[in-house]
Amino acid sequence: MNFKALTAIAALMVAAPALTFADPDNDTLTINGEEMVTKAPLPAHLEDSMLTEIMSGWHFRNDDTQAMQMDDFDNPGMLAVEDAAAAWDTVEGTAGKSCASCHENVEDSMKGVRAVYPKWNEKAGEVRTLAMQINNCRTENMGAEPYKYDSGPMAAMEALITVQSRGMPVDVAIDGPVADTWEKGKEIYYTRFGQLELSCASCHEQNYGNMIRADHLSQGQINGFPTYRLKNAKLNTVHGRFKGCVRDTRAETFSPGSPEFVALELYVASRGNGLSVEGPSVRN
Amino acid sequence: MKFATLTLAASLIAGAAAADVVAPGDVKMDEYGAVAESLTGQPGNAAEGEKVMTTRSLGNCVACHQVTALEYAPFHGNVGPSLDGVGDRWNEAELRGIVVNAKKTYDGTVMPSYYRANVDGYIRPGNAYTGKAADDSFGPLLTAQQIEDVVAFLSTLKE
């Protein structure tokens, strides 16, 4: 190592304490009075990462944005949940059925579902995201048209199902039949895409807590999805967010619903194992 | 007819100017990542470099770096170190090398390479920020002139 590099490192060390202004906060998230787990011990499969604990993206938002998520009356994402509750009972497609025809009461039948997705579907022999499962029910059981993968109605239906698991710990399986897909997702997570050569880890593992322009970088967790973003004033899906992040590296993105994003979703979900399901969350 | 003549003239001028410019593939970098020769054969313009550093669609350097001299421009990030005093820490050749391709100075750094043009060296290179695949318009993030301008500005950052 040359002398100049040493000087630069010394300069970095001196600068380090000043960076704490951008650290995540220590506030407590309650939703309608129920306390959420927003910081959790590192899952065993992340031991080779640079993280020491996992954290919800909620800690990286400002107080006003945080407050909007604490009460369903203030959470704009809940309007979409109401729409989806109506869609749940609406008969669509050639089989003359609604979601309720098979699953009855969403509060009971969908409790715990969000927390374990993406997961292996034995019959189909594939890893399924919640969106894939919703569309599978629509096409196979209802004879209805699938929702567009990252559309508003899809995000709304995901939000309705997610609310039924709120406060439960994310608990996706990473072994057995999903192990290959999980490995593939991990590889994508650490690949430096695009002309800017940045991986998910470049921003969300190496630099969470730091500012990139006006954005306070979080760990890029998905326990809060779908997220209502103030920036585009709608509910956003996981794959919609992935697409935006890959695009921002000046890369050719993958498509929502692609095998790459399904694998990445499984892997990123597993990085949040232990955090509460908090969707629909509010972000900027 | 007139239009065609004009375009031809313009491309001749561009061609003449380009002759003195070191192409991204021809940059000579030493083993520590420094680039001794100016990419344009001429000194850069610090005032222009300042614009490149603060403009989002150009260098956007302040997205990652705090610079006290540029405090008038909003939203400085801290993914990279503060650039205050960087003109004392590095000489011109070293600064040029860092802006051209910081990965040679700092192994594995997240700082993008601003003067590396070959599409083949990237994974899924895109067409700017469209999310689509790169096409024939793919080129380095900054021009040789912009690199020299940025280097000129960085050299002014002394304590």
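Counting from 1, residues in each chain are numbered in the order their sequence is written. Here the convention is simple: chains get letters from A, ligands get numbers from 1, in the order in which they are written. In keeping with the predicted nature of the model, local features appear solely for residues at pLDDT of at least 70, side-chain atom pairs appear and are counted solely at 80 or more, and the whole-chain, interface and lining totals rest on all residues. Hydrogens and water are ignored here; the side-chain numbers use all heavy atoms of the structure.

1. A word on unusual backbone geometry
Residue and element names in this part refer to chain A.
- Look at the link from F225 to P226: it is a cis peptide, with omega at -5 degrees.
- Checked against the element boundaries, P226 lands in the loop between β8 (215–216) and β9 (227–229).
- The omega torsion across G279 and P280 is -10 degrees, close enough to zero to call that bond cis.
- Note on conventions: DSSP H or I runs of at least 4 residues are helices, E runs of at least 2 residues are strands, and numbering of each starts at the N terminus. Relative to the helices and strands, P280 is located in the loop between α11 (259–270) and β11 (281–283).

2. Some thoughts on the interface of chain A and chain B
- Whether two residues are in contact is decided by their heavy atoms: any pair within 4.5 Å suffices. Each side of the interface is counted separately: chain A has 33 residues, and chain B has 39 residues.
- Once two parts are brought into contact, the accessible area they lose, counted with a 1.4 Å probe and summed over both, makes up the buried area. In total, chain A and chain B occlude about 3200 Å² of area from one another, counting both sides; carbon and sulfur atoms represent 56% of this.
- Among the residues chain A hides against chain B, the three largest losses belong to Q195(A), R213(A) and R250(A). Together they make up 27% of the total.
- By definition, a salt bridge exists where a carboxyl oxygen of Asp or Glu is found within 4 Å of a side-chain nitrogen of Lys or Arg. There are 2 salt bridges connecting chain A and chain B.
- As a salt-bridge pair, E197(A) and R116(B) come within 2.9 Å of each other at their nearest N and O atoms.
- Throughout this description, a polar contact denotes any pair of N or O atoms lying within 3.5 Å of each other; where both atoms belong to protein, one of them has to be capable of donating a hydrogen while the other can accept it, and for residues adjacent in sequence the pair is counted only when both atoms sit in side chains. Taken together, chain A and chain B are joined by 13 residue pairs in polar contact (both at pLDDT 80 or more).
- Those elements giving two or more residues to the side of chain A that touches chain B turn out to be α1 (3–15) and β7 (211–212) of chain A.
- The leading source of residues in the side of chain A that touches chain B is α1(A), at 5 residues.
- Within the side of chain A that touches chain B, the residues separate by chemical class into 16 nonpolar, 9 polar and 8 charged. Three categories are distinguished: nonpolar for Ala, Val, Leu, Ile, Met, Phe, Trp, Tyr, Cys and Pro, charged for Asp, Glu, Lys and Arg, and polar for the others, with Gly belonging to the last.

3. Focus: the nonpolar core
- Of all hydrophobic cores here, the largest spans 35 residues; its most connected members are L39(B), M53(B), I147(B) and L154(B).
- Of all the elements in the fold, those that place two or more residues in this core are α2 (46–54), α4 (92–101) and α5 (144–155) of chain B.
- Counting residues per element, this core draws most heavily on α5(B), at 6 residues.
- Those residues in contact with M53(B) that sit more than four places away from it in its chain are N60(B), C61(B), V62(B), V67(B), L70(B), L83(B), V150(B), F153(B) and L154(B).
- Core analysis: the second largest hydrophobic core is formed by 30 residues, A115(A), V172(A), W182(A) and F254(A) among them. The nonpolar core is taken to be a set of buried Ala, Val, Leu, Ile, Met, Phe, Trp, Tyr and Cys residues, with the residues joined through side-chain atoms within 4.5 Å. For every residue, the accessible area obtained with a 1.4 Å probe (protein chains only) is divided by the maximum for its type, and the residue is called buried under 20%, exposed over 50%, and partly exposed between those limits.

4. Here's the deal with the sheet that holds strand β10 (residues 234–236) of chain A
Residues and elements named next belong to chain A.
- Any two strands are treated as partners once DSSP identifies two or more bridges connecting them. Read from one edge of the open sheet, 3 strands run β10-β9-β11, paired in mixed fashion. Edge positions in the open sheet fall to β10 and β11, since each of these has one partner strand only. Neighbour to neighbour, the strand axes of the sheet diverge by 40 degrees on average, direction disregarded.
- Here β9 pairs with β10 via 3 bridges, running antiparallel. Bridged to Y228 within β10 is L235. Only the stretch in contact is used when a helix axis is fitted, and all axes are lines through C-alpha atoms; the angle between N-to-C directions ranges over 0 to 180 degrees.

5. Section: the UniProt feature "domain: Cytochrome c" (unreviewed entry) in chain A
- UniProt tags residues 84–170 and 184–277 of chain A as "domain: Cytochrome c" (unreviewed entry).
- As a span, residues 184–277 of chain A carries 35% helix and 11% strand, and end to end its C-alpha atoms are 24 Å apart. UniProt positions are given in the numbering used here, feature names are shortened, and annotations may be inferred rather than shown by experiment.

6. A closer look at the packing of helix α10 (residues 238–247) of chain A against α11(A)
All names here are of chain A.
- Close contact between α10 and α11 brings their axes to 11 Å; oriented N to C, the two are set at 100 degrees. Classed by the angle they form, the pair α10 and α11 counts as roughly perpendicular. Along the contact surface, α10 presents V238, H239, F242, K243 and V246, while α11 presents F261, V262, L264, E265 and V268.
- Across the contact of α10 with α11, the residue classes tally to 7 nonpolar, 1 polar and 2 charged. Roughly parallel covers angles under 35 degrees, roughly antiparallel covers those over 145, roughly perpendicular covers 65 to 115, and oblique covers all other angles.

7. Quick word on the state of the cysteines
- Cysteine sulfur atoms are paired as a disulfide whenever they fall within 2.5 Å. Scanning the entire structure with this criterion turns up 0 disulfides over all chains.
- C99(A) takes part in no disulfide bond, and the closest cysteine sulfur to it belongs to C137(A), at a distance of 7.4 Å.
- Classification of C99(A) by relative accessible area gives buried; the value is 15%.
- A disulfide-free cysteine, C64(B) has its sulfur positioned 7.7 Å from the sulfur of C203(A), the nearest such atom.

8. Quick look at the pattern of salt bridges
- Taken as a whole and judged by the stated rule, the model has 14 salt bridges over all chains.
- Where R271(A) meets E205(A), a salt bridge forms, and the shortest distance between an N and an O atom there is 2.8 Å. Of this pair, R271(A) sits in the loop between α11 and β11 while E205(A) sits in the loop between α9 (200–204) and β7, and the two are 66 residues apart along the sequence. Assigned by exposure class, R271(A) and E205(A) land together as buried.
- E92(B) is the partner of R96(B) in a salt bridge, and the nearest nitrogen-oxygen pair spans 2.6 Å. One end of the pair is R96(B) and the other is E92(B), both in helix α4 and 4 residues apart, which spans about a single turn.
- A relative accessible area of 1% places R96(B) in the buried class.
- By relative accessible area, E92(B) is classed as partly exposed at 45%.
- Connected through shared salt-bridge partners, E197(A), K103(B) and R116(B) make up one network.

9. Let's talk about α4(B)
Residue and element names in this part refer to chain B.
- Counting buried positions over the 10 residues of α4 gives 9, a clear majority of the element.
- For α4, the full list of buried residues reads A93, E94, L95, R96, G97, I98, V99, V100 and N101.
- Of the residues that open α4, the one with a side-chain oxygen 3.1 Å from the backbone nitrogen of A93 is N91.

10. Quick notes on the packing of aromatic side chains
- Two aromatic rings, drawn from Phe, Tyr or Trp (for Trp, its six-membered ring), form a pair once their centres lie within 6.5 Å of each other, and the interplanar angle then sorts them: stacked below 30 degrees, edge-to-face above 60, tilted otherwise. Scanning all chains against the criterion turns up 9 aromatic pairs over all chains.
- Grouping aromatic residues by their ring pairs yields a cluster made of W182(A), Y189(A), Y190(A) and Y267(A).
- For a Lys NZ or an Arg CZ to count as sitting over a ring, it must be within 6 Å of the ring centre and within 35 degrees of the ring normal. Between the NZ or CZ atom of R250(A) and the centre of the ring of Y129(B), over which it lies, the distance is 5.0 Å.

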